[in-house]
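Per-entry structural report
Take a look at the letters that make up each chain.
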Amino acid sequence: MMPSMTLSIVVMLLAAMFAMAGLYVAERRKKARLKAQWSSARRALERIQPLAGVENNLDVLLEAFSHSTEASMYAFYLLQPEKKQYTLRALRHSKSNIGQASPSYSGLAPYSAQPYLPPTSLPADAGMPEGARWIEENGTALLHISLQGGGILRAGPRKKRSGRPETTVGETVGWFAPVVSWLVQVEASMRSEEAARKSEASWRRLLLLVAEPETVVDQAFRVAMDVMELTGGELVPAADDALQGEATVSLDREDGRAVFACRYRTSSGPVERIFRSLSGRGVMDDRRIADCLRTACLQAEAFLAAAAGNRATRSERVLLLKRLASLYDAMSPWKTGHAEQMSRYATVIARELGLSVEEVQEIATAAWIANIGEGALEPGLMTKDGRFTDDEYDRMKSHAELGAAMAEMTLGEKGSIADAIRHHHERVDGRGYPSGLKGSAIPLGARIIAVVQTFLAAVHGRKHREPLAFGEALGRLEAAAGTMLDPEIVGAFVDWFSRKRADAGEAMEPLGVCWEMHCTPSSLCEVCPVYGQREKPCWTYENQACASHGKSCKQCFVYTEAAERSRGSAKK
């Protein structure tokens, strides 16, 4: 009896071990497959030519599709809502080897030797199957894939159906839908020669944000040069031993000007950038500029590391977008930590409204990367002093669409994150952009971001704009409720602050430590005598480093909030 039981236990343990080993191998294969698919997607994105026409760009996507699905024909249909039909816009035929598909003559006409002739149109109301499915058409087996947003992919004919296409092919083409939607938007935006030129430049920069990380860093440092009033910016190779630890910035003199040598790591090794201060003037002293440049180099390293890593999972792609948003923030002392601060306050409001954990996370992510599209605009536009011209204002407004497209392409999906980014400049009275949505028609995430962005814009100054005191900033929110901002969301935010202030009493003490309330990176704060201290208010210390990120005590909302509360003027 006992030997029999022992044998049974051994067999069960062996079976469990084999099952676990099988699951491990399957997971490794899935991760490798997703990584290969992302690499294929990246190569395809690098070949997209925004002004080359939708057909040519769809052909690039069909070629990418051919690397994962073997067939003799690949067809791409786009929805024409006004005609209530899908129209054939691109067609490819394979060569003998998988992944080597060639476009048909004129991009549409099939080869005469091809036995299967795809229809030039498909009715939109014919009950098309969702997702990826095998279908029969005139006795021919075809793989039919419906994309969100109005696209259909077909591949075939196939003599033998293999596996479940919704699980294998669905992963391969999941990123097609947002790219196709973006291409259609680009085509629609080409209304004049001048508009085409400017739109082409913005959309091209957007693709660089996705596909060429080191070019992104170049663009970001050009922003820093503009904001900190620097010149030069030469990028030179650094010796292998030039960087032993973290990024460094050294400060020297040359003809009466400060020279900053910034060293940081890239995927190809350490590099060095040389900047020079403008002669005779500057918005910050040299030591503060050096501190800010070091923070910028650290953020550049973090972004490049995320870009070079594995982006197979959604969380890894979200991290890449967050690193990019933080990179651009670090290039302006007045915006350092802004993206994270946006995310934190958006999280507070979402929780106050009783949203689910998943909804809170999506809104927090959207708030962090809400302004990521600004990186695709021409250098100097967002940092311009004075009023925009009408043309500049129109281009500036496109950052919302560009940011949404960036999120869609990187995450490979349409959804609440991209919607919140696209519409965070809508107004509840319908006078916002880009779509003129009103009230509850505006996505909830976008309405939350609008409240947070309005508040932070008021309490944080810029190079040539003084911040408002804390109470004035809350008053601005309440004044905009019902016209620009959602009254319920404004009320939730103000009520949350009121409870925190009531709990703190009327002592002249901050609601929290300054570096946490401002989400300032430790690379800036570690040179400040306040950093790490919690015994007394930050404004009581001498020689604070606040100026290195555009702050001064009398203008800082950490100080003005406490001052108002101690005078008994805080709203209860």
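Described in the following lines is the structure provided in the data block.

With their axes 7 Å apart at the nearest point, helix α9 (residues 338–352) and helix α10 (residues 357–368) run at an angle of 150 degrees to one another. By the angle between their axes, α9 is roughly antiparallel relative to α10. Considering how the two elements wind past one another, α9 and α10 form a crossing that is right-handed. Every residue of α10 that contacts α9 at Ala 339, Glu 340, Met 342, Ser 343, Ala 346, Thr 347, Ala 350 and Arg 351 is listed here: Val 360, Ile 363, Ala 364, Ala 367 and Trp 368.

Paired through backbone hydrogen bonds, the strands of a sheet run either parallel or antiparallel to each other. Read from one edge to the other, the open sheet built from 4 strands follows the order β8-β11-β10-β9, with strand pairing classed as antiparallel. Among the strands making up the open sheet, the edge pair consists of β8 (230–237) and β9 (248–254). Neighbour-to-neighbour, the strand axes of this sheet turn through a mean angle of 20 degrees, independent of strand direction. Packed onto the sheet, helix α6 (residues 213–227) meets β8, β10 (257–266) and β11 (269–277) and runs at close to 155 degrees relative to β8.

Attention shifts here to the pattern of salt bridges. Should the charged atoms of two oppositely charged side chains come close, the side chains can pair. Taken as a whole and judged by the stated rule, the model has 19 salt bridges. Among the charged side chains, a network of salt bridges with common partners joins Glu 401, Glu 408, Asp 419 and Arg 422.

It is worth spelling out the nonpolar core at this point. Counting residues in each nonpolar core, the largest one holds 100 residues, and the members touching the most others are Phe 260 and Phe 455. With 12 residues, helix α7 (residues 286–308) is the largest single contributor of residues to this core. Other than its neighbours up to four places away in sequence, Phe 260 contacts Leu 230, Val 249, Ser 250, Leu 251, Arg 273, Ile 274, Phe 275, Ser 277, Asp 286, Ile 289, Ala 290 and Leu 293.

Right, let's talk about the packing of aromatic side chains for a bit. Inspection of the entire model under this criterion finds 15 aromatic pairs. Judged by centre distance (5.3 Å) and plane angle (85 degrees), the ring pair of Phe 455 and Phe 493 falls under edge-to-face. With Phe 455 in helix α14 (residues 444–459) and Phe 493 in helix α16 (residues 487–504), the pair connects residues that are 38 residues apart, well separated along the chain. One exposure class covers both Phe 455 and Phe 493, and it is buried. Through pairs of rings, three or more aromatic residues link up here, namely Tyr 345, Phe 455, Phe 470, Phe 493, Trp 496, Phe 497 and Phe 557. Its guanidinium or amino end placed over the ring of Trp 368, Lys 322 lies 4.8 Å from that ring's centre, counting from NZ or CZ.

Calculation notes
- Residue positions are given per chain, counted from 1 along the sequence in the order it is written.
- Local features in this predicted model are restricted to residues whose pLDDT is 70 or higher, and side-chain atom pairs enter the listing and the counts only when it is 80 or higher, whereas totals over whole chains, interfaces and linings include all residues.
- Calculation of side-chain values draws on the structure's entire complement of heavy atoms; hydrogens and water are dropped beforehand.
- Here an axis means a line fitted to C-alpha atoms, over the contact stretch when the element is a helix, while the angle between two N-to-C directions is reported on a 0 to 180 degree scale.
- Working definition: helices are DSSP H or I runs of at least four residues, strands are E runs of at least two. Numbering for both runs from the N terminus.
- The cut-offs work like this: below 35 degrees is roughly parallel, past 145 is roughly antiparallel, 65 to 115 is roughly perpendicular, and the gaps in between are oblique.
- Crossing chirality is assigned from the near helix's rotation relative to the far helix, an anticlockwise turn below a right angle marking it left-handed and a clockwise turn marking it right-handed.
- A contact between two residues is defined here by any heavy atoms of the two lying within 4.5 Å.
- A pair of strands is treated as paired once DSSP finds two or more bridges between them.
- By convention in these notes, a salt bridge is any Lys or Arg side-chain nitrogen within 4 Å of a carboxyl oxygen on Asp or Glu.
- Residue types Ala, Val, Leu, Ile, Met, Phe, Trp, Tyr and Cys, when buried and joined through side-chain atoms within 4.5 Å, form a set referred to as a nonpolar core.
- Burial here depends on accessible area, computed with a 1.4 Å probe over protein chains only, as a share of the maximum for the residue type. Under 20% is buried, over 50% is exposed, and the range in between is partly exposed.
- Each pair of aromatic rings taken from Phe, Tyr and Trp, with Trp reduced to its six-membered ring, is defined by centres within 6.5 Å and is described as stacked if the planes are under 30 degrees apart, edge-to-face if over 60, and tilted in the remaining cases.
- Note on criteria: charge over ring means Lys NZ or Arg CZ within 6 Å of the ring centre, with the direction from the centre no more than 35 degrees off the ring normal.

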